2 protein chains.
Amino acid sequence: MEGNFKFHNPTKLYFGEDAMGHLAGELKNYGPTVMLSYGGGSIKRNGIYDAVIAALKASGKTVVEDPGVMPNPTYEKVLEGCKLVRDNHVDLILAVGGGSTIDYTKAVSASAWCNEDAWQKYWVNQQNPSCQTVPIGAVLTMVGTGSEMNGGSVITNRKEGFKRGKVFGPALYPNFAILNPRFTMTVPQYQMVAGFFDIMSHLMEQYFAGDRDCTTDYINEGLMRSLIHSSRIAAQNPQDYEARANIMWTATWALNTLLKCGKGGDWEVHQIGHAIGLVTDATHGMTLATVSLPYYRHVMHDGLHQFVRFAKNVWGVRPEGKSDEQVAMEGLKCLEDWMKEIGVVMHCHELGVSEDNLEQVADAVLILPVGYRTLTRPEVVEILRESL
Amino acid sequence: MEGNFKFHNPTKLYFGEDAMGHLAGELKNYGPTVMLSYGGGSIKRNGIYDAVIAALKASGKTVVEDPGVMPNPTYEKVLEGCKLVRDNHVDLILAVGGGSTIDYTKAVSASAWCNEDAWQKYWVNQQNPSCQTVPIGAVLTMVGTGSEMNGGSVITNRKEGFKRGKVFGPALYPNFAILNPRFTMTVPQYQMVAGFFDIMSHLMEQYFAGDRDCTTDYINEGLMRSLIHSSRIAAQNPQDYEARANIMWTATWALNTLLKCGKGGDWEVHQIGHAIGLVTDATHGMTLATVSLPYYRHVMHDGLHQFVRFAKNVWGVRPEGKSDEQVAMEGLKCLEDWMKEIGVVMHCHELGVSEDNLEQVADAVLILPVGYRTLTRPEVVEILRESL
């Protein structure tokens, strides 16, 4: 345990096959105008859109349509959403989608009534809202980011050439989220598996930091073990409800601020992944997958005790007769085998990174002075090259 | 994962050595009159009382003194607290103490403005408040019950001859809780160790139920491993801040509704423990300690798979060449060894149970139709006899 901390997470979660039944009850807590934010047409094909609209109509709400939220949502799109909120005096933003959509609605909520340059204020200067914000609800259709129970909002500013995250406080967490594992089953295998790795990355980013004994790490190990078990099942049979349900629940707890209580974090894999995403527009979870093994092999000696613990407690590596380095490497080999088993992308050349744009990616990497080792720019390039 | 569930826990936690610094900020959210509920004089001896009074005075609050909350708080005391709340129009009840004090303040909060017989309504009929309730804050000085982040309220009605629990909803959770591990260090060793076992019992009561794969169990295993590790350190050196901090954090998460998400629970050990507490007024955690091993040996064959898992994942028992029964028994032997190591009471004759009052205890046991096996009354007597 390190230092002092606060935990406060007021998001109300409804979980299970009947979770949608609670939407009407929640809608009663808000005014008449609801903005419905979603991505492409998938929720129209799988019936989720119709179910949400039915609940909104039955509750007598005026619906403001806000479709077209893209993966890696852009600040330009955020500004369009802000205009919709202002023009219609929206009382609730209902996000129907995955992390991109929910991240986007937080950005709109904080920016719609902001009189300053919101990009500068939130994503560059990391300040907190000083204006009125708009309540958010979420119907989750894709698993991975944990955005349904946190304040994270990753936005891409194409004009400025940056993909950046801002972590808002509890006032911008979704007030409620509806988590029905069946809603996630129409997601294509590629996106599903990318989500699995995104979860694992959230767990590892928070695990690989600190050298004190901390209850948080024990909880984290439990979540990793559950994810590994269920993802193996789900990768083979995406229709396995139990596995998908456990993964959905793990994803929420992997990034709802619990796992940073009493310890630091790393998050450099996410910074490199964001840079790849900015340049290639590749799926977030896959960008993380391609850089994780090179990154962890690179910093392993700086946090060896934790990599040894990872090997033993998460993967069941037996340490007898082995050096710490051997145990730690064996743990990373287990991670690699699992990644191959569930089918993530192992090399970032498959995502569009090459020697031609590698320096451009490196330029976009934010180097954080945390974790077991603060990278230098040459090290970033080295890691990217090993990820190719 | 089983069925549908809701998770909503809005309690704000301030954790660490500087946590008390947040009290003044929290007090700003409430009206002028604060009732200060606490137990005996210990908080006056260790300085916590003075620190709380200083914050209340600096915030300009009128303080209504409500001392004398006893371990196993009585309904008679609850009614006295209710009168204080009504007579003084209390805006906030600030509990300074352990689970008994916080449980008591929830009971007062729900009963003060209740026009019905509160005992019948809440603890007998398990209904929810339909009246105005009073906000609660907590400064935790003893670890174990988890009452700082849940709606649990166990009250003893001496006239009726029952000790009963009621679980209130989030509206009666403490709005905020201040968790400074140093505040728990003046608790005598006996109470400290009883608290450790109370935590373990909360974990086991929720672990030993269900036969589906559930992320919740993986989290639970992590919490058990952390508790076992830190309690061994703290039992030897109660002044070890890191161990005490980890245990405090584990206790909160052991019973804040997370560990019942997606699965059932048992809670029969608590029912038998409550009956012992009613008859002997023994310390809660110790009553649980004396009955746990006889109880688990009794139901082990009905939930064998989970007892095997407990042995392997919590205690590291190696299963090779052993039957499931042997592995499960070995896990319970590890539990027994740990209990002896940290120094809990192993036999309930030490708490005042004997052949003379054993039937009286059995009469007071509420038999719950949940867990791996629903006991019969003769089985309750058998377990109590084995606990002697």
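Residues numbered from 1 in each chain as written. Chains lettered and ligands numbered in written order. Predicted model: local features only at pLDDT ≥ 70, side-chain atom pairs only at ≥ 80, totals over all residues. Heavy atoms only, no water.

**Considering the overall build of chain A**
Step number 1: The secondary structure content of chain A amounts to 15 helices and 8 strands.
Step number 2: Here the C-alpha radius of gyration of chain A, 20 Å, is about what a compact globule of 388 residues would show, namely 21 Å.
Step number 3: With respect to the principal axes defined by its C-alpha atoms, chain A has extents near 70 × 45 × 45 Å.
Step number 4: Looking at chain A as a whole, 62% of its 388 residues qualify as buried.
Step number 5: Looking at chain A alone, contacts between residues at least 24 apart form 78% of all its contacts between residues at least 6 apart. (Helix = DSSP H or I, 4+ residues; strand = E, 2+ residues; numbered from the N terminus. Rg over C-alpha atoms; globule rule 2.2 N^0.38 Å. Buried < 20%, exposed > 50% of the residue type's maximum accessible area, 1.4 Å probe, protein only. Contact = heavy atoms within 4.5 Å.)

**Some details on the pattern of salt bridges**
Step number 1: Evaluated as defined, the whole model comprises 40 salt bridges over all chains.
Step number 2: Glu359(A) is the salt-bridge partner of Arg377(A), the closest N and O atoms lying 3.0 Å from each other. With Arg377(A) in helix 15 (residues 377-387) and Glu359(A) in helix 14 (residues 358-363), this residue pair connects regions lying 18 residues apart in the sequence.
Step number 3: Judged by its relative accessible area of 38%, Glu359(A) falls in the partly exposed class.
Step number 4: Ionic pairing is found between Asp337(B) and Lys333(B), a salt bridge with its closest N-O pair at 2.7 Å. Of this pair, Asp337(B) and Lys333(B) both sit in helix 13 (residues 324-342), 4 residues apart, which is roughly one turn of that helix.
Step number 5: For Asp337(B), a relative accessible area of 35% gives the class partly exposed. (Salt bridge = Lys/Arg side-chain N within 4 Å of Asp/Glu carboxyl O.)

**Section: unusual backbone geometry**
Residue and element names in this part refer to chain A.
Step number 1: Not every positive phi belongs to a glycine, and Asn72 is a case in point at roughly 50 degrees.
Step number 2: Mapping Asn72 onto the fold places it in the loop between strand 3 (62-66) and helix 4 (75-88).
Step number 3: If you check the backbone angles, Trp267 has positive phi at about 75 degrees while not being a glycine.
Step number 4: With respect to the element layout, Trp267 can be found in the loop between helix 9 (241-254) and helix 10 (268-280).

**Let's talk about the environment of Tyr296(B)**
Residue and element names in this part refer to chain B.
Step number 1: Within the secondary structure, Tyr296 sits in helix 11 (residues 284-299).
Step number 2: Through-space distance from the C-alpha of Tyr296 to that of Gln306 is 11 Å; in sequence the pair is 10 residues apart.
Step number 3: Beyond its immediate stretch of four places on either side in the chain, Tyr296 contacts Met204, Glu205, Phe208, Val269, Phe307 and Leu332.

**Regarding the sheet that holds strand 5 (residues 136-140) of chain A**
Step number 1: Taken in spatial order, the 12 strands line up as 3(A)-2(A)-4(A)-5(A)-8(A)-1(A)-1(B)-8(B)-5(B)-4(B)-2(B)-3(B) in an open sheet, and their pairing is mixed. What marks the edges here is a single partner per strand, and that holds for strand 3 of chain A together with strand 3 (62-66) of chain B. Neighbouring strand axes in the sheet, compared pairwise and without regard to direction, differ in orientation by 25 degrees on average.
Step number 2: Note that strand 1 (residues 5-15) of chain A and strand 1 (residues 5-15) of chain B share 7 bridges and pair antiparallel. (Pairing = 2+ DSSP bridges. Axes fitted to C-alpha atoms, helices over the stretch in contact; angles between N-to-C directions.)

**Quick word on the nonpolar core**
Step number 1: Counting residues in hydrophobic clusters, the biggest one holds 187 residues, and the most contacted among them are Met200(A), Trp249(A), Phe310(A), Met200(B), Trp249(B), Phe310(B) and Trp315(B).
Step number 2: Setting aside anything within four residues of it in sequence, one finds Met200(B) in contact with Met224(B), Leu227(B), Ile228(B), Phe310(B), Trp315(B), Leu335(B) and Trp338(B). (Core = buried A, V, L, I, M, F, W, Y, C linked by side-chain atoms within 4.5 Å.)

**Side note on the packing of aromatic side chains**
Step number 1: All chains considered together, the criterion is met by 49 aromatic pairs over all chains.
Step number 2: Aromatic side chains Tyr122(B) and Trp123(B) sit 5.6 Å apart centroid to centroid with 85 degrees between the ring planes, which places their arrangement in the edge-to-face category.
Step number 3: Under the relative-accessibility criterion, Trp123(B) is labelled buried at 1%.
Step number 4: By the ring-pair criterion, three or more aromatic residues cluster together here, those being Phe5(A), Phe7(A), Phe15(A), Trp249(A), Trp253(A), Phe5(B), Phe7(B), Phe15(B), Trp249(B) and Trp253(B).
Step number 5: Cation over ring: Lys44(B) sits above Tyr49(B), and NZ or CZ is 4.7 Å from the ring centre.
Step number 6: Between the NZ or CZ atom of Arg309(B) and the centre of the ring of Tyr218(B), over which it lies, the distance is 4.4 Å. (Phe/Tyr/Trp six-rings, centres within 6.5 Å; stacked < 30°, edge-to-face > 60°. Lys NZ or Arg CZ within 6 Å of the ring centre and 35° of its normal.)

**Thoughts on the relation of the copies chain A and chain B**
Step number 1: Each copy of the sequence occupies a distinct position, and chain A is placed on chain B by a rotation of 180 degrees and an axial shift of 0.0 Å, giving an RMSD of 0.0 Å. In the structure described here, the two chain copies are related by an operation that fits a two-fold rotation axis. No C-alpha of chain A lies nearer the rotation axis than that of Pro10(A), which sits 2.1 Å from it. (Least-squares fit on C-alpha atoms with pLDDT ≥ 70 in both.)

**Details of the side chain of Asn9(B)**
Step number 1: By the secondary structure assignment, Asn9(B) is in strand 1.
Step number 2: In this structure the side chain of Asn9(B) is engaged in a polar contact, spanning 3.3 Å, whose partner is the backbone nitrogen of Thr11(B).
Step number 3: A polar side-chain atom of Asn9(B) sits 2.8 Å from the main-chain carbonyl oxygen of Met149(B).
Step number 4: The residues touching Asn9(B), leaving out its near neighbours within four places in the chain, are Asn9(A), Met149(B), Tyr173(B) and Asn256(B). (Polar contact = N/O pair within 3.5 Å; in protein donor to acceptor, adjacent residues only side chain to side chain.)

**With respect to the interface of chain A and chain B**
Step number 1: Taken residue by residue, the interface counts 42 residues in chain A and 42 residues in chain B.
Step number 2: Buried surface at the junction of chain A and chain B, summed over both partners, amounts to about 3,700 Å²; 55% is from carbon and sulfur atoms.
Step number 3: There are 2 salt bridges connecting chain A and chain B.
Step number 4: Connecting chain A to chain B are 24 residue pairs in polar contact (both at pLDDT 80 or more).
Step number 5: Sorting the residues of the side of chain A that touches chain B by element identifies strand 1, helix 8 (215-236) and helix 9 of chain A as the ones contributing at least two each.
Step number 6: Ranked by the residues each element gives to the side of chain A that touches chain B, the list is headed by strand 1 of chain A, at 11 residues.
Step number 7: Here the residues of the side of chain A that touches chain B sort into 18 nonpolar, 15 polar and 9 charged. (Buried area = accessible area lost by both parts, 1.4 Å probe. Nonpolar A, V, L, I, M, F, W, Y, C, P; charged D, E, K, R; others polar.)

**Some details on the confidence of the model for chain A**
Step number 1: Of all residues in chain A, 100% have pLDDT values of 70 or greater, and the mean over the chain is 96.
Step number 2: Taken over the whole predicted complex, pTM reads 0.96, whereas the ipTM for its chain interfaces reads 0.96. (pLDDT = per-residue confidence, 0-100.)

**Notes on helix 15 (residues 377-387) of chain B**
Step number 1: Taken together, the buried positions of helix 15 of chain B are Glu379(B), Val380(B), Val381(B), Ile383(B), Leu384(B) and Ser387(B).
Step number 2: On the buried face of helix 15 of chain B, the contacting elements are helix 10 (268-280), helix 11 and helix 14 (358-363) of chain B.

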